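# Close look at the chain arrangement
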Amino acid sequence: MAKSSYNPFATAQAQFDKVAEFLELDAATRELLRNPLREYAFAIPVRMDDGTTQVFRGFRVQHSDARGPSKGGIRFHPQETVDTVRALAMWMTWKCAVVDIPLGGGKGGVICDPHNLSAREQEQICRGWVRQLARDIGPLRDVPAPDVMTNAQHMLWMLDEFETIHGAHLPGVITGKPVGMGGSLGRTEATGYGVVFTVREALKELGVRPSDTTASVQGFGNVAQYAIQLYTQLGGKVVCVSYWDQSDQCSYSVRRLSGVDLAQLLGVTDRFGGIDKAKAKGLGYEILPGDAWLEQDVDILMPCALENQITGENVGKIAKRVKIIAEGANGPTTLDADKVLEERGIFLIPDFLANAGGVTCSYFEQVQSNMNYFWEKDEVLGKLDVKMTSAFHAVRELAKKRKIYMRDAAYVIAIGRVAQASKDRGWA
Ligand code: GLU
């Protein structure tokens with residue numbers, strides 16, 4: 001099957017159904033949790049720089065608020081679909097539950113390509129998105145954050161629009177804000193670092209030192225860059241990264257077997273994580289096809305790009321040596337590929353555990369905003385490490401005890417918590 005023909009929402013529901021069976025959830029709880037609680041789909045008309053008006057489609061899906069306000073990012077992507085947003089909203093619910101923070105799950109999106117939009121046009125999309133949802137999001141209701149191709153500046157425009165409409169300072173409506181404007185130190189690093197905290201713990205379990213390992217990473221955006229930074233600091237060697245090439249409309253892998261130098265690669269990378277091929281070549285990197293990152297003879301794979309990347313078609317190309325797959329992206333593995341990984345006995349760190357560092361730090365941002373007292377970066381990252389490490393070990397222990405796959409163990413913990421909260425509230 002081509003990557004684009006996998007429906008992430010069907011994947012998310014199938015994963016849920018399997019665990020609902022295992023947990024013997026009743027019919028009402030299953031019905032409640034296998035679908036979103038609320039959905040919004042709307043138009044965002046924008047006056048473009050050339051004077052024409054373009055209408056963008058926007059979405060927000062609130063999957064569950066049983067454990068707290070819905071929480072989750074907003075993606076700007078040309079291939080965004082409502083089903084993708086539904087899947088991502090559901091995964092947010094499990095993500096907040098597995099790290100045990102008092103938040104639910106939601107996700108938003110706009111079908112657009114920021115590569116082709118000016119800063120002013122993007123600002124109008126952000127403000128238009130908030131105008132459509134001004135009464136449906138809020139600090140105690142639903143709290144957006146950055147995701148694919150959105151950043152702190154987008155969050156600040158959204159915050160400003162929300163505060164203008166409501167006539168008050170309400171920094172808790174959004175996280176991932178710029179530092180100094182209610183943002184938390186460490187938020188930018190948090191998702192990538194969180195991935196590596198879980199990799200570090202998995203390596204301990206396997207009795208392997210990080211400095212004796214190599215890795216290959218898909219993606220070169222925010223998550224990938226900080227994952228590479230921390231993994232390299234721990235002594236690991238990243239030999240390959242992949243990226244989306246906007247001008248060729250395809251992805252490439254960039255490889256250097258002696259190890260990629262993050263600072264050097266960042267010097268030839270644009271703000272979307274696109275690497276300048278010619279310059280990278282000049283620095284001694286090989287330029288390989290997009291899927292090559294997956295075929296490298298390494299110990300660790302970190303898919304840190306988009307959903308549906310490890311599929312039934314390419315899973316067989318994963319080298320025998322690969323021991324750990326840490327899913328920095330949301331939903332990178334399709335159901336058919338996942339079966340193969342489970343059978344192979346790969347140490348899988350599932351997406352909603354591996355990449356929970358971002359939302360955990362968003363939660364810390366809310367706590368700091370509420371106190372109006374901001375922590376030092378070391379304190380934020382220290383607390384993040386504690387949360388991620390304890391969530392990892394809770395999942396690992398359950399997987400060992402019940403002899404189940406790590407993804408299933410993480411789901412059992414997360415769905416169990418959300419089902420319990422829904423039941424306790426009398427919803428099911
Ligand atoms: N977009 C990130 C995620 O998928 C972070 C969400 C948040 O901070 O609310 O986990």
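Refer to the structure presented above.
Notes on the structure follow. (Residues numbered from 1 in each chain as written. Predicted model: local features only at pLDDT ≥ 70, side-chain atom pairs only at ≥ 80, totals over all residues. Heavy atoms only, no water.)

Here we take up the packing of aromatic side chains. Given two aromatic rings, their pairing is described by the distance between the two centres and the angle made by the two planes. In the structure shown here, the tally under the stated rule is eight aromatic pairs. Geometrically, the ring pair formed by Phe 42 and Trp 129 is edge-to-face, given 6.4 Å between the ring centres and 65 degrees between the ring planes. Taken together, the residues Phe 42 in strand E1 (residues 38-47) and Trp 129 in helix H4 (residues 119-133) connect sequence positions 87 residues apart. Since its relative accessible area comes to 7%, Phe 42 is described here as buried. Residue classification places Trp 129 among the buried residues on the basis of a relative accessible area of 0%. Joined through ring pairs, the aromatic side chains of Tyr 363, Phe 364 and Trp 375 make up one cluster. Seen from the ring of Phe 9, Arg 86 lies directly overhead, with NZ or CZ sitting 5.9 Å from the centre. (Phe/Tyr/Trp six-rings, centres within 6.5 Å; stacked < 30°, edge-to-face > 60°. Helix = DSSP H or I, 4+ residues; strand = E, 2+ residues; numbered from the N terminus. Buried < 20%, exposed > 50% of the residue type's maximum accessible area, 1.4 Å probe, protein only. Lys NZ or Arg CZ within 6 Å of the ring centre and 35° of its normal.)

Here we come to the packing of H4 against helix H5 (residues 152-166). It is the contact of H4 with H5, at a shortest axis distance of 8 Å, that shows an interaxial angle of 45 degrees. The angle between the axes of H4 and H5 places the two elements in the oblique class. Relative to H5, the crossing made by H4 is right-handed. Contacts between H4 and H5 involve Ala 119, Gln 122, Glu 123, Cys 126, Arg 127, Trp 129, Val 130 and Arg 131 from the first element and His 154, Trp 157, Met 158, Asp 160, Glu 161, Phe 162 and Ile 165 from the second. Here the residues of the contact of H4 with H5 are counted per class, giving eight nonpolar, two polar and five charged. (Axes fitted to C-alpha atoms, helices over the stretch in contact; angles between N-to-C directions. Parallel < 35°, antiparallel > 145°, perpendicular 65-115°, else oblique. Left-handed = near helix turned anticlockwise from the far one by under 90°. Contact = heavy atoms within 4.5 Å. Nonpolar A, V, L, I, M, F, W, Y, C, P; charged D, E, K, R; others polar.)

This brings us to the site of the ligand. Close to the ligand lie 14 residues; Lys 71, Lys 95, Pro 146, Asp 147 and Ser 362 are nearest. Between the ligand and Lys 95 there is a distance of 2.7 Å, counted from an oxygen atom to a side-chain nitrogen or oxygen. Measuring from an oxygen atom of the ligand, one finds a side-chain N or O atom of Arg 187 at 3.0 Å. About the coverage of the ligand: the protein hides 95% of its 300 Å² of free accessible area. (Near = heavy atom within 4 Å. Polar contact = N/O pair within 3.5 Å; in protein donor to acceptor, adjacent residues only side chain to side chain. Areas by Shrake-Rupley, 256 points an atom, 1.4 Å probe, with all protein chains shown as cover.)

All chains considered together, the criterion is met by 36 salt bridges. The partner of Arg 86 in a salt bridge is Asp 83, with the nearest N and O atoms 2.6 Å apart. Placement of both Arg 86 and Asp 83 in helix H3 (residues 82-98) is noted, with a separation of three residues, approximately one turn of the helix. Look at Arg 86 and you get buried, because its relative accessible area is 19%. Notably, a salt bridge pairs Arg 407 with Glu 327, separated by 3.0 Å at the nearest N-O pair. You can see Arg 407 sitting in helix H14 (residues 406-424) and its partner Glu 327 sitting in the loop between strand E11 (324-326) and helix H10 (335-344), a full 80 residues away along the chain. Look at Arg 407 and you get buried, because its relative accessible area is 3%. A relative accessible area of 0% places Glu 327 in the buried class. Overlapping salt bridges bring together Glu 123, Arg 127, Arg 131, Asp 160 and Glu 161 as one network. (Salt bridge = Lys/Arg side-chain N within 4 Å of Asp/Glu carboxyl O.)

Attention shifts here to the sheet that holds strand E12 (residues 347-349). In spatial order, the strands read E9-E8-E7-E6-E10-E11-E12; together these seven strands make up an open sheet with mixed pairing. Strands at the two margins of the open sheet, each flanked by one partner only, are strand E9 (286-289) and E12. Direction aside, neighbouring strands of the sheet carry axes that sit 20 degrees apart on average. Bridge count for strand E10 (residues 300-303) against E11 is two bridges, and the pairing is parallel. Note on E11: the bridge partner recorded for Ile 300 is Ile 324. (Pairing = 2+ DSSP bridges.)

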